[in-house]
Amino acid sequence: STYALSSPYLPLLSFEMVQYSLRNTVFTPESAVAFAALGYFKVILAQNYLRGKFWANVALEMLKNSRPISATVQVNFTVNAYIMTWFVPMRESSRKLFETYRLGMKVGDFTMSMYALGLSLRYSLLEGV
């Protein structure tokens, strides 16, 4: 909800959730959202792309054995929209975002689905597809 409200506390809350997860070995899909946010902030605020990719991969790895829920859609969107675009071709990012859209519609996260679809279409237009 801090993301939806554009709260200035989002980085602090994300960092605290990551610390809590690491300290108490609590790795849930909701924790994966915080790890993806940490990767996002590493890229956007610190301009440390490799560390951002590291934390994005940690978040994706945490989701490997969980069933898809809204948190899965949020992680996939954050990772593919803001982090992996620096490392993979735009066409692959567009494809992954479209998959995120389909997953979001399946689990009922319509807001993130629409964000993913919009960005997927934008990337497709930019690459000339």
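Residues numbered from 1 in each chain as written. Predicted model: local features only at pLDDT ≥ 70, side-chain atom pairs only at ≥ 80, totals over all residues. Heavy atoms only, no water.

Let us look at the environment of F77. Mapped onto the elements of the fold, F77 is located in helix 4 (residues 70–83). If near-sequence neighbours (up to four positions away) are discounted, F77 is found in contact with Y82, L97, T100, M112, Y115, A116 and L119. (Helix = DSSP H or I, 4+ residues; strand = E, 2+ residues; numbered from the N terminus. Contact = heavy atoms within 4.5 Å.)

Turning to the packing of helix 5 (residues 90–107) against helix 6 (residues 110–127), a few remarks are in order. Remark: helix 5 packs on helix 6, axes separated minimally by 8 Å, with the N-to-C direction vectors making an angle of 155 degrees. Between helix 5 and helix 6, the angle falls in the class roughly antiparallel. Along this stretch, helix 5 crosses helix 6, giving a crossing that reads as left-handed. Between helix 5, through M90, R91, S93, S94, L97, F98, T100, Y101, G104 and M105, and helix 6, the contact on the second element is made entirely by F110, S113, M114, A116, L117, L119, S120, Y123, S124, L126 and E127. (Axes fitted to C-alpha atoms, helices over the stretch in contact; angles between N-to-C directions. Parallel < 35°, antiparallel > 145°, perpendicular 65-115°, else oblique. Left-handed = near helix turned anticlockwise from the far one by under 90°.)

A cluster of nonpolar side chains, namely M105, F110 and M114, defines an oily patch on the protein surface of about 290 Å² accessible area. Within the element layout of this structure, M105 appears in helix 5. (Patch = residues over 30% accessible without salt bridge, like charges linked within 9 Å, V, L, I, M, F, W, Y side chains within 5 Å. Areas by Shrake-Rupley, 256 points an atom, 1.4 Å probe, with all protein chains shown as cover. Salt bridge = Lys/Arg side-chain N within 4 Å of Asp/Glu carboxyl O.)

What follows is about helix 2 (residues 29–44). The end-to-end C-alpha distance of helix 2, which contains 16 residues, comes to 23 Å, matching closely the 22 Å that a straight helix rising 1.5 Å per residue would cover. Within helix 2, the full set of buried residues consists of P29, S31, A32, A34, F35, A36, A37, L38, G39, F41 and V43. Looking at the buried side of helix 2, the elements it contacts are helix 1 (10–24), helix 3 (49–63) and helix 4. (Expected span 1.5 Å × (residues − 1). Buried < 20%, exposed > 50% of the residue type's maximum accessible area, 1.4 Å probe, protein only.)

Although it is not a glycine, T25 adopts a positive phi angle of roughly 45 degrees. Here T25 is to be found in the loop between helix 1 and helix 2. A positive phi angle is found at Q47, which is not glycine, with a value near 55 degrees. By the secondary structure assignment, Q47 is in the loop between helix 2 and helix 3.

Interhelical geometry of helix 2 versus helix 4 gives an angle of 15 degrees and a closest axis separation of 8 Å. In terms of orientation, helix 2 and helix 4 fall into the roughly parallel class. Note that helix 2 runs across helix 4; the crossing there is left-handed. Residues P29, E30, A32, V33, A36, G39, Y40 and V43 of helix 2 form the contact with helix 4, whose participating residues are A71, Q74, V75, T78, V79, Y82 and I83. Of the residues in the contact of helix 2 with helix 4, the class split is eleven nonpolar, three polar and one charged. (Nonpolar A, V, L, I, M, F, W, Y, C, P; charged D, E, K, R; others polar.)

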